[in-house]
Amino acid sequence: MGGVYNQDNRILVYHADCLIMMDKMVQRGMQVDCIATDSPYLMTSRGCNGTTGGMLKKKIGMSGKVFEHNACDVTKWMPKCYDLLKNGGHAYFMTNDKNLTDFLITIRNCGFNFIKDVIWHKDNKIMGQYYMTTKEHILFCRKGKGIKINNCGTPDVLDIPNRKHKDANGENYHDTEKPVELMKILIENSTKENEIVLDPFVGIGATPKACQLTHRRFVGAEIDEKYFNITKDRLDGRFTE
């Protein structure tokens, strides 16, 4: 593994391949209370998004990928998540329509109990051949015994604006950035203060930032050095939210 960001032994972000990080955690007998992650997954390789300059118009996007490191097979990383999650713990796996079936099959094969498809309803549209997409799936699962969420009044459709942070050139720091407010809802519903949340695919740090703001502990990995460095700046307050 590469470097590590360590904030008071409460927020740990590794510059590493998540498979290596999770293997080391399993070897050490570590477990977490909750998992909330948005892995890199395949998208439809044609079409463009609702604006004229989005990720689907980039060369890499036209090949059905979003990132350089886009080849992490769900059947490789999700079983490790199961091993690391405590009995009774909740897991949230984000995906799109294209990958929904593979995710659901893998969830079952790993031993997770699938609870509900929570929908993140965005305020922007992604164009395609078959209706415009305004949603993302958040597959809500549990391991072992069933434990209620902390706010049972939370709807299963979450209306949270999809706002991307941009650099000095007006480009997205991260094309699939998730809102901190969205991650806070999931984390606060499935953990208590000081419990540990795992995100194997940190991106630019929405999940650890949500943990920081809600007084949860966090462990995760980001393989891309640029995103890892942005996450460090974000957690240290050198990033305009």
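This is a predicted model, so every value here is computed, not measured.

Trainee: How do you make sense of the overall build of the chain when you look at a structure like this?
Mentor: The helix and strand tally for the chain stands at seven helices and nine strands. Taking all 241 residues of the chain together, 48% fall into the buried category. For the chain, long-range pairs separated by at least 24 residues make up 69% of all intrachain contacts whose partners lie at least 6 apart in sequence. Summing over all exposed atoms, the chain offers an accessible surface of approximately 12100 Å²; the carbon and sulfur share of this is 49%.

Trainee: Sorry, what's going on with helix H4 (residues 100-110) here?
Mentor: Structurally, the α-helix is built with 3.6 residues per turn, so residues lying three or four positions apart point the same way. Of the residues making up H4, those classed as buried are Leu-100, Phe-103, Thr-106, Ile-107 and Cys-110. Down the axis of H4, the buried set is contained in an arc of 135°. They therefore lie on one face. Residues of H4 that are exposed and point more than 90 degrees away from the buried face comprise Thr-101, Arg-108 and Asn-109. Where H4 is buried, its residues contact helix H3 (74-84), strand E4 (85-95), strand E5 (113-126) and strand E6 (133-142).

Trainee: Even after reading the chapter, I still don't get the state of the cysteines, so can you show me in this structure?
Mentor: Two cysteines form a disulfide when their sulfur atoms are joined by a covalent bond. The tally for this structure, following the rule as stated, stands at zero disulfides. No disulfide involves Cys-18; its nearest neighbouring cysteine sulfur is the one of Cys-72, lying 4.1 Å away. Relative accessible area serves as the criterion here: at 5%, Cys-18 is assigned to the buried category. Just so you know, Cys-34 is unpaired, no disulfide at all, and the nearest cysteine sulfur is the one on Cys-211, 8.1 Å from it.

Trainee: Please explain the environment of Thr-37 as it appears in this structure.
Mentor: With respect to the helices, strands and loops of the structure, Thr-37 is situated in strand E3 (residues 32-37). Given the relative accessible area of 1%, Thr-37 is considered buried. The spacing of Thr-37 and Pro-200 is 163 residues in sequence and 6.6 Å in space, taken between C-alpha atoms. Not counting the four nearest positions on each side in its chain, Thr-37 is found in contact with Trp-77, Tyr-92, Phe-93, Met-94, Asp-199, Pro-200 and Phe-201. A polar side-chain atom of Thr-37 sits 2.6 Å from a polar atom in the side chain of Asp-199.

Trainee: Would you take a moment to explain the pattern of salt bridges for this structure?
Mentor: Pairing of side chains with opposite charge becomes possible as their charged atoms draw close. All chains considered together, the criterion is met by 12 salt bridges. We note a salt bridge from Lys-80 to Asp-23, for which the minimum N-O separation is 2.7 Å. Linking Lys-80 in helix H3 with Asp-23 in helix H1 (residues 18-27), this pair joins segments that are 57 residues apart in sequence. Note on Asp-23: relative accessible area 31%, which makes it partly exposed. The shortest N-O distance in the salt bridge between Asp-38 and Lys-178 comes to 2.7 Å. Taken together, the residues span a long stretch of sequence, with Asp-38 in the loop between E3 and helix H2 (59-62) and Lys-178 in the loop between strand E7 (157-159) and helix H5 (180-190) at a distance of 140 residues. Like Lys-178, Asp-38 is buried. Each of Asp-38, Lys-122, Glu-136 and Lys-178 takes part in salt bridges that share partners, so that together they form one network.

Trainee: When you look at the pairing of E5 in this model, what are you seeing that I'm missing?
Mentor: As defined by bridge partners, E5 adjoins E6 across nine bridges and the pair is classed as antiparallel. Each bridged residue has a counterpart across the sheet, and for Ile-126 the counterpart in E6 is Thr-133. Here E5 hands over to E6 after six residues, with Tyr-131 in that stretch at a positive phi of 75°.

Trainee: Would you mind showing me how to read the packing of aromatic side chains here?
Mentor: Given two aromatic rings, one states the distance between the centres and the angle between the planes to describe the pair. This model, assessed by the stated rule, comprises seven aromatic pairs. Relative to Phe-112, the ring of Tyr-82 lies with its centre 5.0 Å away and its plane at 85°, an arrangement referred to as edge-to-face. With Tyr-82 in helix H3 and Phe-112 in the loop between H4 and E5, this pair connects stretches of sequence that are 30 residues apart. The class for Tyr-82 is partly exposed, based on a relative accessible area of 22%. Chaining the aromatic ring pairs together yields one cluster made of Trp-77, Tyr-82, Phe-93, Phe-103, Phe-112 and Phe-201.

Rules of the game
- Residues numbered from 1 in each chain as written.
- Predicted model: local features only at pLDDT ≥ 70, side-chain atom pairs only at ≥ 80, totals over all residues.
- Heavy atoms only, no water.
- Helix = DSSP H or I, 4+ residues; strand = E, 2+ residues; numbered from the N terminus.
- Buried < 20%, exposed > 50% of the residue type's maximum accessible area, 1.4 Å probe, protein only.
- Contact = heavy atoms within 4.5 Å.
- Areas by Shrake-Rupley, 256 points an atom, 1.4 Å probe, with all protein chains shown as cover.
- Arc of directions from axis to C-beta.
- Disulfide = S-S within 2.5 Å.
- Polar contact = N/O pair within 3.5 Å; in protein donor to acceptor, adjacent residues only side chain to side chain.
- Salt bridge = Lys/Arg side-chain N within 4 Å of Asp/Glu carboxyl O.
- Pairing = 2+ DSSP bridges.
- Phe/Tyr/Trp six-rings, centres within 6.5 Å; stacked < 30°, edge-to-face > 60°.

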